[in-house]
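Spelled out, the chains give:
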2 protein chains.
Amino acid sequence: MSNVEVLPLLEPAGAEAVAPCCPPLSERPFTAEEAERTARMFKALGDPVRLRLFSLVASHEGGEACVCDISDVGVSQPTVSHHLKKLREAGLLTSERRGTWVYYRVEPSVVAALGGLLSAKN
Amino acid sequence: MSNVEVLPLLEPAGAEAVAPCCPPLSERPFTAEEAERTARMFKALGDPVRLRLFSLVASHEGGEACVCDISDVGVSQPTVSHHLKKLREAGLLTSERRGTWVYYRVEPSVVAALGGLLSAKN
């Protein structure tokens, strides 16, 4: 659990083999494998409902939220759960079950690395 | 052309009503409208071929590339053109026809704003 170093390759505990891996997109052309890994994360944020849910979790008090905290995005609770699971599978959120509810939390290192891909190369 | 100010709302010339608009995702929950606008850009990067093409254009000599420069992503030239058009429609690339070819260029302000969404709120 403590062997995460400050390296381009981040492997957050709990993420399912998805991690930002790569230099800024403007540094050199991505390989097929790099693009495959990274596109999964952008795709997860490429849905309006998922993006709202992500911002809701990211900005929620204490940095975490469960389905029980989410009521105003215009979709059913099962749909909310489905989208939160997708965000977790993409490595952007981690989850922890406590009692009845699963709590979701943003994985800051993964989000920062994803943001880093969009930075200028200089 | 010169009325672009340093504001959260960026309106790049040529982008089709798509522009980053919003604070970092961790600052407050996105509204439905904000999520709709922003998800389009993430979605455009959420495809492995498009992501490779984007990094290819972004890292190409002179900061621009045309279909004629792209030969090694494993898809046909019409498919390359299709994906470049999608990236342009999302506001991430701008394009200019010169002679036979359309040249694509990264829209740096849009990409930087998209990266800013993934930055921490502090």
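Look up: the structure comes first, before these words.
Keep in mind the model is a prediction, meaning the values are calculated, not measured.

Caption draft 1: Seen up close, the sheet that holds strand 3 (residues 101–106) of chain A. Residues and elements named next belong to chain A. Taking strand neighbours across the sheet as the criterion, the three strands line up as 1-3-2 in an open arrangement whose pairing is antiparallel. Edge positions in the sheet fall to strand 1 (64–66) and strand 2 (93–98), since each has one partner strand and no second. Averaged over all pairs of adjacent strands, the angle between strand axes in this sheet comes to 30°, irrespective of strand direction. Pairing geometry for strand 2 and strand 3, over six bridges, is antiparallel. Counterpart to arginine 97 in the pairing with strand 3 is valine 102. Here helix 2 (residues 48–59) sits on the sheet and contacts strand 1, strand 2 and strand 3; the angle it forms with strand 3, its principal contact strand, is near 85°. Lying over the sheet, helix 3 (residues 77–89) contacts strand 2 and strand 3, oriented at roughly 125° with respect to strand 2.

Caption draft 2: Summary view of the packing of helix 1 (residues 32–45) of chain A against helix 4 (residues 108–117) of chain A. Residue and element names in this part refer to chain A. Direction vectors running N to C along helix 1 and helix 4 enclose 100°, while the axes themselves pass 11 Å from each other. For the element pair helix 1 / helix 4, the angle class is roughly perpendicular. Contacts from Thr38, Met41, Phe42 and Leu45 of helix 1 reach helix 4 at Val110, Leu114 and Leu117. Looking at the contact of helix 1 with helix 4 residue by residue, the class counts come to six nonpolar, one polar and no charged.

Caption draft 3: Spotlight on helix 1 (residues 32–45) of chain B. The terminal C-alpha atoms of helix 1 of chain B, which comprises 14 residues, lie 20 Å apart, in line with the 20 Å expected from a rise of 1.5 Å per residue. Approximately 25° is the largest bend angle found in helix 1 of chain B, and it occurs at alanine 39 of chain B. Among the residues of helix 1 of chain B, those classed as buried are Glu34, Ala35, Thr38, Ala39, Met41, Phe42, Ala44 and Leu45 of chain B. Against helix 1 and helix 2 of chain A together with helix 2 (48–59), helix 3 (77–89) and helix 4 (108–117) of chain B lie the buried residues of helix 1 of chain B.

Caption draft 4: Inspection of the packing of aromatic side chains at higher detail. Under the criterion given, the structure shown has one aromatic pair over all chains. Each ring, one from phenylalanine 42 of chain A and one from phenylalanine 42 of chain B, has its centre 6.2 Å from the other, and the planes form 20°; the classification is stacked. With one member in each of two chains, phenylalanine 42 of chain A in helix 1 and phenylalanine 42 of chain B in helix 1 form a pair that bridges those chains. Take phenylalanine 42 of chain A and phenylalanine 42 of chain B: they sit in the same class, and that class is buried. Directly above the aromatic system of tyrosine 103 of chain A lies the positively charged group of arginine 98 of chain A, at a separation of 4.2 Å from the ring centroid.

Caption draft 5: Representation of the sheet that holds strand 2 (residues 93–98) of chain B in the model. Residues and elements named next belong to chain B. The antiparallel open sheet is built from three strands, whose spatial order is 1-3-2. Across the chains shown, the open sheet's two edge strands, defined by having one partner strand only, are strand 1 (64–66) and strand 2. Put simply, the sheet's adjacent strands are angled 30° from each other on average, direction ignored. Taken strand by strand, helix 3 contacts strand 2 and strand 3 (101–106), and its axis lies near 125° from that of strand 2.

Caption draft 6: Structural context of the pattern of salt bridges. Counted according to the given criterion, the structure contains 10 salt bridges over all chains. The shortest N-O distance in the salt bridge between glutamate 64 of chain A and arginine 105 of chain A comes to 3.3 Å. Residue glutamate 64 of chain A is located in strand 1, and its partner arginine 105 of chain A is located in strand 3; the two are separated by 41 residues in the primary sequence. In this structure arginine 105 of chain A comes out as partly exposed when scored by relative accessible area, which is 37%. For arginine 98 of chain B, the salt bridge identified is with glutamate 96 of chain B, shortest N-O distance 3.2 Å. Residue glutamate 96 of chain B is classed as partly exposed on the basis of its relative accessible area of 45%. One network of salt bridges, with partners in common, ties together Glu64, Glu96, Arg98 and Arg105 of chain A.

Caption draft 7: How the structure looks around the nonpolar core. Phe54, Leu84 and Leu92 of chain A together with Phe54, Leu84 and Leu92 of chain B are the most contacted members of the largest nonpolar core, which has 66 residues in total. With sequence-adjacent residues up to four places away left out, leucine 92 of chain A is seen in contact with Met41, Ala44, Leu45, Phe54, Leu87, Arg105, Val106, Glu107, Val110, Val111 and Leu114 of chain A.

Caption draft 8: Focus on the state of the cysteines. Residues and elements named next belong to chain B. Under the defined criterion, the tally for this structure stands at two disulfides over all chains. Covalently, cysteine 66 is tied to cysteine 68 through a disulfide, its sulfur atoms 1.9 Å apart. Its torsion about the S-S bond being -40°, the disulfide of cysteine 66 and cysteine 68 is classed as left-handed. For cysteine 68, a relative accessible area of 36% gives the class partly exposed.

Criteria and thresholds
Residues numbered from 1 in each chain as written. Chains lettered and ligands numbered in written order. Predicted model: local features only at pLDDT ≥ 70, side-chain atom pairs only at ≥ 80, totals over all residues. Heavy atoms only, no water. Pairing = 2+ DSSP bridges. Helix = DSSP H or I, 4+ residues; strand = E, 2+ residues; numbered from the N terminus. Axes fitted to C-alpha atoms, helices over the stretch in contact; angles between N-to-C directions. Contact = heavy atoms within 4.5 Å. Parallel < 35°, antiparallel > 145°, perpendicular 65-115°, else oblique. Nonpolar A, V, L, I, M, F, W, Y, C, P; charged D, E, K, R; others polar. Expected span 1.5 Å × (residues − 1). Bend = angle between axes of the 7 residues up to and from the residue. Buried < 20%, exposed > 50% of the residue type's maximum accessible area, 1.4 Å probe, protein only. Phe/Tyr/Trp six-rings, centres within 6.5 Å; stacked < 30°, edge-to-face > 60°. Lys NZ or Arg CZ within 6 Å of the ring centre and 35° of its normal. Salt bridge = Lys/Arg side-chain N within 4 Å of Asp/Glu carboxyl O. Core = buried A, V, L, I, M, F, W, Y, C linked by side-chain atoms within 4.5 Å. Disulfide = S-S within 2.5 Å.

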